[in-house]
Amino acid sequence: MNDLGSMRQTERLTSDEAGLAHAAEVLRGGGLVAFPTETVYGLGADATDAQAVAGIYAAKERPSFNPLISHLDSFGSARVQGVFDETARRLAEAFWPGPLTLVVPVAPTCTISDLARAGLDSVGLRVPAHPLAHALLQKTGRPVAAPSANRSGRVSPTDADHVLGDLDGRIDAVLDGGSSQVGVESTIVACLGGAPRLLRPGGIAREAIEALIGMKLEAGPEGGKSPLAPGMLASHYAPRARVHLNAASVGADEAVLLFGPEAPKGADAARITLNLSKNGDLVEAAAHLFSYLRQLDASGAATIAVSPIPETGLGEAINDRLRRAAAER
């Protein structure tokens, strides 16, 4: 039994056709697969499957729901997920495949889950250059969310042994492609209207980007708020309604977000009620969090009352997000 309390066995897959096919099958089935990119190894899950994405947070013990970068096999596939202005298009055509992530507005055709986007109306996209990553993405046929394949706060992995040292027994498989070439994460640039912003320095130099677009990159927003992308601080999606945490009772015109089989007093008369997980499963709760907040907010209720959620496992991240939603603004 591993330290997550399960009997999961992590397979080490070879970089041949059989290994690639099995890795893609695991991803399409909602599993977790670490795989090499030219920067570092990523911990992949089907980005369109919120429950699979929740598994990333659980395996990494990530303390908050930061938006994740979704990896695609081509610029054409990326355009289904995001809206590219002229600057974003030029950057994509110049540096993809490669160690550049572009944060762009969500396209109407976007299939990437709310949880992978941390509830935002923007999305971080990358087309990696590593041939094994490219082949895996083609076989999977879906966007793959993939932060670095290590536990939160630890050093990013550049080979399969590093991945197993951190995540053995926590994920389904690691696709062994040898050592990563770049060894640092991708550069992240936001193209969200106005001047493009450098959110995180990385594998593509600032100077190369500025030379291409003919202007200086602005810095990301400063301090104190939750990240718009890895390396950037900005506001998460916040509901219009006031959020009341650890609610012991509910008013008749309130919306209710439950967790587990118990309900606060008055919940049966609430305007609308949704349960993150009737069985008290924190992974299921994480998968539902952002979409349920949106549904409750759309009800028009002035207040969303939230049942207590334990601060263990993914409960820490769920409560972190809920506290941000409840903060005065």
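You'll find the structure just up there.
What counts and how
- Residues numbered from 1 in each chain as written.
- Predicted model: local features only at pLDDT ≥ 70, side-chain atom pairs only at ≥ 80, totals over all residues.
- Heavy atoms only, no water.
- Helix = DSSP H or I, 4+ residues; strand = E, 2+ residues; numbered from the N terminus.
- Rg over C-alpha atoms; globule rule 2.2 N^0.38 Å.
- Buried < 20%, exposed > 50% of the residue type's maximum accessible area, 1.4 Å probe, protein only.
- Contact = heavy atoms within 4.5 Å.
- Areas by Shrake-Rupley, 256 points an atom, 1.4 Å probe, with all protein chains shown as cover.
- Lys, Arg positive; Asp, Glu negative; His and termini not counted.
- Charge placed at Lys NZ, Arg CZ, Asp CG, Glu CD.
- Pairing = 2+ DSSP bridges.
- Right-handed = clockwise from strand over helix to strand, strands pointing away.

Enquirer: Describe in detail the overall build of the protein, supporting the description with residues and values.
Expert: A tally of helices and strands in the protein yields 9 helices and 15 strands. Its C-alpha radius of gyration of 20 Å places the protein within 12% of the 20 Å reference for a compact globule of 329 residues. Across its three principal directions, the C-alpha atoms of the protein cover 55 × 50 × 30 Å. Taking all 329 residues of the protein together, 55% fall into the buried category. The long-range share in the protein, meaning contacts at least 24 apart out of those at least 6 apart in sequence, stands at 65%. Counting every atom, the protein has about 13400 Å² of accessible surface; 50% of that belongs to carbon and sulfur. When the 30 positive and 37 negative side-chain charges of the protein are each reduced to one mean point, those points stand 5 Å apart.

Enquirer: Outline the pairing of strand β10 (residues 197-200), listing residues and values.
Expert: Inspection of the sheet shows strand β9 (residues 187-190) paired to β10 by 3 bridges, in the antiparallel sense. Bridging from a neighbouring strand, Val-189 pairs with Leu-198 of β10. Two successive antiparallel strands, β9 and β10, enclose a turn made up of 6 residues, where Gly-193 displays a positive phi of approximately 100 degrees. Alignment of β10 against strand β11 (residues 218-219), held across 2 bridges, turns out to be parallel. Note that in β11 the partner of Leu-198 across the bridge is Ala-219. Read as a crossover between parallel neighbours, the route from β10 over helix α7 (residues 206-213) to β11 is right-handed.

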